[in-house]
Amino acid sequence: MANTRIYLSSPTMHGEEQVYVKEAFDTNWVAPLGKNVDEFEKSVAKYVGVKEAAALNSGTAALHMAVKLAGVKRGDIVLCSDLTFAATVNPVTYEEGIQVFIDSEPETWNMDPEALEIGLRKYNAKAVIAANLYGTPAKLDEIQALCQKYNVTLIEDAAESLGATLNGVQTGAFGKYNALSFNGNKIITTSGGGMFLSNDEEAVKKVRFWSTQARENCPWYEHKEIGYNYRMSNIVAGIGRGQMLHLDEHIAQKKAIYMRYKEGLKDLPVKMNPYLQNSKPNFWLSCLTINKGEKVTPEDIRLALEKENIESRPIWKPMHMQPVYRNNDFITAGTKPLSEDIFARGICLPSDNKMTAKQQDMIVGIIKGLF
């Protein structure tokens, strides 16, 4: 067994984070809000290329605020990525909307524009929530065009894809409202946290208002709307400021990991997670699918790696297969759901950017040994 555990994707700290956190302590500014929050918001907005950002305590909170801004009410339909984490779609339920799940396409594993158009024709949808799976940009230009055609609000879930681009444009800039996550395993982390992004400055102001308990500008506590305790703390934002300095470095490390897997596994009946030629993923997680007809299963790979104290993970189980959403509609443009197929044949490989080339060679060797 490997002496030290090799993780799927763990936080990578550098030192600058502590400088900003110390500054918060030294000024006794440890409450929510403060200089770190302001500067973190500015640096992320500038990097992504949007006008404004609001730092929140999770990516889920950012998505919830986006759903609320889109005006989703009880019974409203929201067309959502099927192959994603539950956090992408759960906020629709918070506002009593109804999710309709849209199948994946084979070129990015993300929302299929063809299936999306079927959904847009079938339903008078309030919004579309499109996720960029594992740091790979979806066909966001096509999805954006469809949302404009049908006059539907696009919410981009860029939780996993900070730093990835499509046609040179950063993910997190395609939707009317966009969400990022800085959870512990993401490309950069604040331990927990997220961000709401938009070119609509009034929308960002509204998010800041809602996420600080919707307190009116009065000397006493006055509330005309229901609010939330969603704002990011100044301590956490200090970690984010330090992490932003290393985002491009992290992306380069993740890409090197992906390319080493691609080269190391090229003789096996497997395929790496795909991406469009006009896109640059952030390669947050390297994944593979085993070719149809092979005896080896993703679970065989997972257990063989776990035996050596190495963490891997199944592909996200599609939302339409989740017990909690068993009654929701699911739309596919094909004869068989692609998301189900990717889930059945796929696995997320260890993609920790502190993993050495030697450790990665060992992982490749374990996988090769199964075939």
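Values in this document were obtained by computation on a predicted structure and should not be read as measured data.

**Student:** Please clarify how the sheet that holds strand E13 (residues 313–314) should be interpreted in this entry.
**Tutor:** The strands making up a sheet associate through hydrogen bonds between their backbones, and the pairing can be parallel or antiparallel. Overall, antiparallel pairing links the 4 strands, which are arranged E10-E12-E15-E13 in an open sheet. Each edge of the open sheet carries a strand with a single partner, namely strand E10 (270–272) and E13. Inspection of the sheet shows E10 paired to strand E12 (residues 287–290) by 3 bridges, in the antiparallel sense. Residue pairing in the sheet places Met272 in a bridge with Leu288 of E12.

**Student:** Even after reading the chapter, I still don't get helix H2 (residues 35–48), so can you show me in this structure?
**Tutor:** Helical geometry note: an α-helix holds 3.6 residues per turn, so side chains three or four residues apart project in the same direction. Its 14 residues place the ends of H2 20 Å apart at the C-alpha level, agreeing with the 20 Å of an ideal helix rising 1.5 Å per residue. Of the residues making up H2, those classed as buried are Asn36, Val37, Phe40, Glu41, Val44, Ala45 and Val48. Within H2, the buried residues cover an arc of 155 degrees as seen down the axis, which keeps them to one side. Facing away from the buried side of H2 by more than 90 degrees, the exposed set consists of Lys42 and Lys46. With its phi angle positive at about 90 degrees, Gly49 sits one or two positions after the end of H2.

**Student:** Looking at this model, I keep getting lost on the packing of aromatic side chains. Mind explaining?
**Tutor:** To describe a pair of aromatic rings, you give the distance between the ring centres and the angle between the ring planes. For the structure on display, the rule yields 10 aromatic pairs. Arranged with centres 6.0 Å apart and planes meeting at 65 degrees, the rings of Tyr258 and Tyr275 form a pair that is edge-to-face. Of this pair, Tyr258 sits in helix H9 (residues 247–264) while Tyr275 sits in the loop between E10 and strand E11 (279–280), and the two are 17 residues apart along the sequence. A relative accessible area of 3% places Tyr258 in the buried class. A residue is classified by how much of its surface remains accessible, and Tyr275, at 23% relative accessible area, is partly exposed. In this structure an aromatic cluster arises from ring pairing among Phe85, Tyr134, Trp284 and Trp316. Positioned above the aromatic ring of Tyr221, the side-chain terminus of Arg215 is 4.0 Å from the ring centre. Over the face of the ring belonging to Trp316 we find Arg313, whose NZ or CZ atom lies 4.5 Å from the ring centre.

**Student:** In this structure, what is going on with the environment of Gly71? I would like to understand it.
**Tutor:** Secondary-structure assignment places Gly71 in the loop between helix H3 (59–69) and strand E2 (77–81). Gly71 gets classed as buried once you look at its relative accessible area, which sits at 17%. When the C-alpha positions of Gly71 and Thr153 are compared, they lie 9.4 Å apart, and in sequence the two are 82 residues distant.

**Student:** Can you walk me through the packing of helix H10 (residues 298–307) against helix H12 (residues 357–370) in this structure?
**Tutor:** In a packed pair of helices, the relevant descriptors are the angle between the two axes and the axis-to-axis distance. At a minimum axis distance of 10 Å, the contact between H10 and H12 shows a crossing angle of 130 degrees. As far as their axial angle goes, H12 and H10 are oblique. For the pair H10 and H12, the sense of crossing is right-handed. Facing Asp300, Ile301, Ala304 and Leu305 of H10, the residues of H12 in contact are Ile363, Ile366, Ile367 and Leu370. Split into classes, the residues belonging to the contact of H10 with H12 amount to 7 nonpolar, no polar and 1 charged.

Parameters and conventions
- Residues numbered from 1 in each chain as written.
- Predicted model: local features only at pLDDT ≥ 70, side-chain atom pairs only at ≥ 80, totals over all residues.
- Heavy atoms only, no water.
- Pairing = 2+ DSSP bridges.
- Helix = DSSP H or I, 4+ residues; strand = E, 2+ residues; numbered from the N terminus.
- Expected span 1.5 Å × (residues − 1).
- Buried < 20%, exposed > 50% of the residue type's maximum accessible area, 1.4 Å probe, protein only.
- Arc of directions from axis to C-beta.
- Phe/Tyr/Trp six-rings, centres within 6.5 Å; stacked < 30°, edge-to-face > 60°.
- Lys NZ or Arg CZ within 6 Å of the ring centre and 35° of its normal.
- Axes fitted to C-alpha atoms, helices over the stretch in contact; angles between N-to-C directions.
- Parallel < 35°, antiparallel > 145°, perpendicular 65-115°, else oblique.
- Left-handed = near helix turned anticlockwise from the far one by under 90°.
- Contact = heavy atoms within 4.5 Å.
- Nonpolar A, V, L, I, M, F, W, Y, C, P; charged D, E, K, R; others polar.

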